[in-house]
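# Reading the structure
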Amino acid sequence: QETITFPSKDALPITANVYVTHDSSAPFIVLFHQAGWSRGEYLEIAPKLNEMGFNCMAIDQRSGKGVNDVENETAKAALAKDLTTGYPDATPDMKAAIKYAKENYAKGKVIIWGSSYSSALSLKLAGDMANEIDGVLAFAPGEYFTRFGKPKDWIKQSAAKITAPAFITSAKKEHVNWKAIYEAIPSEQKQYFLPQTRGNHGSRALWKEFNDSEAYWKAVSSFLQQFLVEGVEE
């Protein structure tokens, strides 16, 4: 793990943890955290993705605070500059992270992975930037943006343009939040997973502290297999 910074579109420094254990030809996953959190959401998840054959990077978006004793440095920098830090304001940070990954680490496929509000934004980007994104995973997406002045179907509109493989999951009761979004995705390579248990919100569903995390991991691993190329070396 290496901690780096790179600029967002407005020059705000984005802090990220980079987990590169494979050649640059390996598929690369850009990891985005949920509301109120930081890149610390992926301290446990990213090494497991490395073990599976992926390189990855977890960023701090400007909308968030901290989790797992990892403070959100991007959000702190944004507040110091008096920038707005609502959910949609994280979009340029996410775009900058995708661009940075492509320019510096990823010669192979680039996959984006979001949690809660960022999972919805990930689906939006996967539709709006369809030619640049090779896959998307969304953990508990929804139309969370009406209070920020966005249309009720803001995410669904973009999801209707997703052609890459797409995966959605959430806690069981949250299915209603993303059912219409999932149905709008035209990709033939889309999958979803709902646990038999109550489940958890966001990517923390994969944390080992939860006794149903293995069910989530099984579904995620099954989806991710399609991106792995043979002969990826340590």
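Residues numbered from 1 in each chain as written. Predicted model: local features only at pLDDT ≥ 70, side-chain atom pairs only at ≥ 80, totals over all residues. Heavy atoms only, no water.

## Quick word on unusual backbone geometry
The backbone of Asn-68 shows a phi angle near 55°, a positive value even though the residue is not glycine. Mapping Asn-68 onto the fold places it in the loop between strand 5 (66-67) and strand 6 (70-71). The partly exposed category is assigned to Asn-68, whose relative accessible area is 36%. You will see that Asp-82, though not glycine, has its phi angle at about 60°, which is positive. Within the secondary structure layout, Asp-82 lies in the loop between helix 2 (73-80) and helix 3 (91-104). (Helix = DSSP H or I, 4+ residues; strand = E, 2+ residues; numbered from the N terminus. Buried < 20%, exposed > 50% of the residue type's maximum accessible area, 1.4 Å probe, protein only.)

## Some remarks on the pattern of salt bridges
Scanning all chains against the criterion turns up 10 salt bridges. Note that Asp-60 is salt-bridged to Arg-39, the shortest N-O span being 2.7 Å. Here the residue Asp-60 occupies a position in the loop between strand 4 (55-59) and strand 5, and Arg-39 occupies one in the loop between strand 3 (28-31) and helix 1 (45-52), the gap between them amounting to 21 residues. Assessed through its relative accessible area of 9%, Arg-39 is described here as buried. For Glu-183, the salt bridge is made with Lys-179, and the minimal N-O distance between the two is 2.8 Å. Remark: Lys-179 and Glu-183 occur in helix 6 (residues 175-184); sequence separation between them is 4 residues, near one turn of the helix. (Salt bridge = Lys/Arg side-chain N within 4 Å of Asp/Glu carboxyl O.)

## Some thoughts on the pairing of strand 8 (residues 135-139)
The buried fraction of strand 8 is high, at 5 of 5 residues. In strand 8, alternate side chains face the same way, and those of Gly-135, Leu-137 and Phe-139 on one face and Val-136 and Ala-138 on the other are all buried. As defined by bridge partners, strand 7 (residues 110-115) adjoins strand 8 across 5 bridges and the pair is classed as parallel. For Trp-113, the partnering residue across the bridge sits in strand 8 and is Leu-137. Taken together, strand 7, helix 4 (residues 117-128) and strand 8 constitute a β-α-β crossover, and its handedness is right-handed. When strand 8 meets strand 9 (residues 166-169), the two strands line up parallel, connected through 4 bridges. (Pairing = 2+ DSSP bridges. Right-handed = clockwise from strand over helix to strand, strands pointing away.)

## Topic: the packing of helix 1 against helix 7 (residues 213-224)
Axis separation between helix 1 and helix 7 bottoms out at 12 Å; the angle between their running directions is 45°. The orientation of helix 1 relative to helix 7 falls into the category oblique. Judged by the twist between their axes, the crossing of helix 1 over helix 7 is right-handed. In this structure, helix 1 uses Ile-45, Lys-48, Leu-49 and Met-52 to contact helix 7, whose residues at the interface are Glu-214, Trp-217, Ser-221 and Leu-224. (Axes fitted to C-alpha atoms, helices over the stretch in contact; angles between N-to-C directions. Parallel < 35°, antiparallel > 145°, perpendicular 65-115°, else oblique. Left-handed = near helix turned anticlockwise from the far one by under 90°. Contact = heavy atoms within 4.5 Å.)

## Some details on the environment of Ile-112
Here Ile-112 shows up in strand 7. In this structure the C-alpha to C-alpha distance between Ile-112 and Ile-133, which are 21 residues apart in sequence, comes to 7.3 Å. Those residues in contact with Ile-112, other than ones at most four positions away along the chain, are Val-30, Phe-32, Ile-98, Ser-122, Leu-125, Ala-126, Ile-133, Gly-135, Val-136 and Leu-137.

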